[in-house]
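Structural features, examined
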Amino acid sequence: MYTLKQLELFIDLAQSEKIIETARRFGLSQSAVSMAIKELERLLKEPLYERIGKRLVLNSRGALLMREVKPHVDALKRIYTQMSSDSLQGELRLAASVTIAEYLMPTLISEYMNVNEEVSVSLASANTHDVNEMVRSGEVDLGFIEGVCDEDGFVCETLMRDELVVVTSDRRLRDEGPWFIDQLADRKWILREKGSGTRSVFLSAIAPVDRELNVWMELEQTESIKNFLLCRSECISALPRICVRRELEEGRLYEVSIRAHEFERDFIMISRTKQFDSRLLAHFREYLLNSIGVK
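Now for a quick tour of the structure. Because the structure is a prediction, the values reported are computed rather than measured.

This brings us to unusual backbone geometry. Omega for the bond connecting Gly177 with Pro178 falls within 30 degrees of zero, at 5 degrees, which places this linkage in the cis form. Following the sequence through the fold, Pro178 ends up in the loop between helix 8 (171–175) and strand 7 (188–192). Residue Pro208 follows Ala207 across a cis peptide bond; omega there is 5 degrees. You can see Pro208 is positioned in the loop between helix 9 (197–206) and strand 8 (215–219).

With that settled, the discussion passes to the packing of helix 2 (residues 19–26) against helix 3 (residues 30–44). Remark: helix 2 packs on helix 3, axes separated minimally by 8 Å, with the N-to-C direction vectors making an angle of 105 degrees. On the basis of their axis angle, the class for helix 2 and helix 3 is roughly perpendicular. In this structure, helix 2 uses Ile19, Ile20, Thr22 and Ala23 to contact helix 3, whose residues at the interface are Gln30, Val33 and Ser34.

Looking only at helix 6 (residues 105–115), the buried set comprises Met105, Leu108, Ile109 and Tyr112. Seen end-on, helix 6 carries its buried residues on one side only, within an arc spanning 95 degrees. Looking at the buried positions of helix 6, the neighbouring elements they touch are strand 3 (90–97), helix 5 (98–103), strand 4 (119–126), strand 5 (142–147) and helix 12 (279–292).

Moving on, we get to the packing of aromatic side chains. Applying the stated rule across the entire model yields six aromatic pairs. Between Phe202 and Phe263 the ring centres are 5.2 Å apart and the planes differ by 55 degrees, which places this aromatic pair in the tilted class. With Phe202 in helix 9 and Phe263 in the loop between strand 10 (254–256) and strand 11 (264–272), this residue pair connects regions lying 61 residues apart in the sequence. For the pair Phe202 and Phe263, a shared accessibility class is recorded, and that class is buried. Each member of the aromatic cluster is reached from another via a ring pair, and the members are Tyr112, Phe284 and Tyr287. The ring of Phe180 has Arg259 lying over it, and the distance from NZ or CZ to the ring centre is 5.4 Å.

Rules used in this analysis
Residues numbered from 1 in each chain as written. Predicted model: local features only at pLDDT ≥ 70, side-chain atom pairs only at ≥ 80, totals over all residues. Heavy atoms only, no water. Helix = DSSP H or I, 4+ residues; strand = E, 2+ residues; numbered from the N terminus. Axes fitted to C-alpha atoms, helices over the stretch in contact; angles between N-to-C directions. Parallel < 35°, antiparallel > 145°, perpendicular 65-115°, else oblique. Contact = heavy atoms within 4.5 Å. Buried < 20%, exposed > 50% of the residue type's maximum accessible area, 1.4 Å probe, protein only. Arc of directions from axis to C-beta. Phe/Tyr/Trp six-rings, centres within 6.5 Å; stacked < 30°, edge-to-face > 60°. Lys NZ or Arg CZ within 6 Å of the ring centre and 35° of its normal.

Have a look at this one:
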């Protein structure tokens, strides 16, 4: 099989038509260039050039090879230039649990891409269980989950701490509190779907009352839960504070004070234990830790 170097010499010689010029550009002797071309002709089983005076001119076979290989060689050279460049280039493949994907990552990714314009980012939104599986399978480079990282084969780094708050659009629940959680168990609770980090953290924190909770509805999107709460004052939920900050400030939702419970959890970045970090991935990881790791 012929090599990329042979093809590069072949293309340059076809353009210069003089071995001495090709040899000078590649820093080779004329005999080394001649040997490389002869070996290429041997592999292809026929000559590629005709000698016309002091010039080497492509014959029909050589012209065909030139037409077929030059675009590919040019593309490979562009790829090499990009990969060896000092600038950060490439694609970041990320997956995040719904809360992080909707309320934390957009600003962080946007700020990063403003500075690194040749970087593209794909961000999948899924529940914690599915994010774990996407990282494990190599479908994504980094995952972002809520709660606890207890998966084998993962590197887990805490980015920041958030808390869940019990919220409703019924102002009386705020004003008449604080409440014990069992006093609210028969309310119409709307929770995230099974596999959600938000749901898991909340139910674990209120155990064993979680078995008595009247789970009236399960939804996959936090925004859907908020819309139900705004429409139906009899409903109640536990949502990340980061997701309901605006509604609480505007007085459209109310935080219900709960006795003897705190619903704190971590936002965690996960990757595979034996994963190789490209320069781009290492840079993005450091950016995240510096940006929000101190919050």
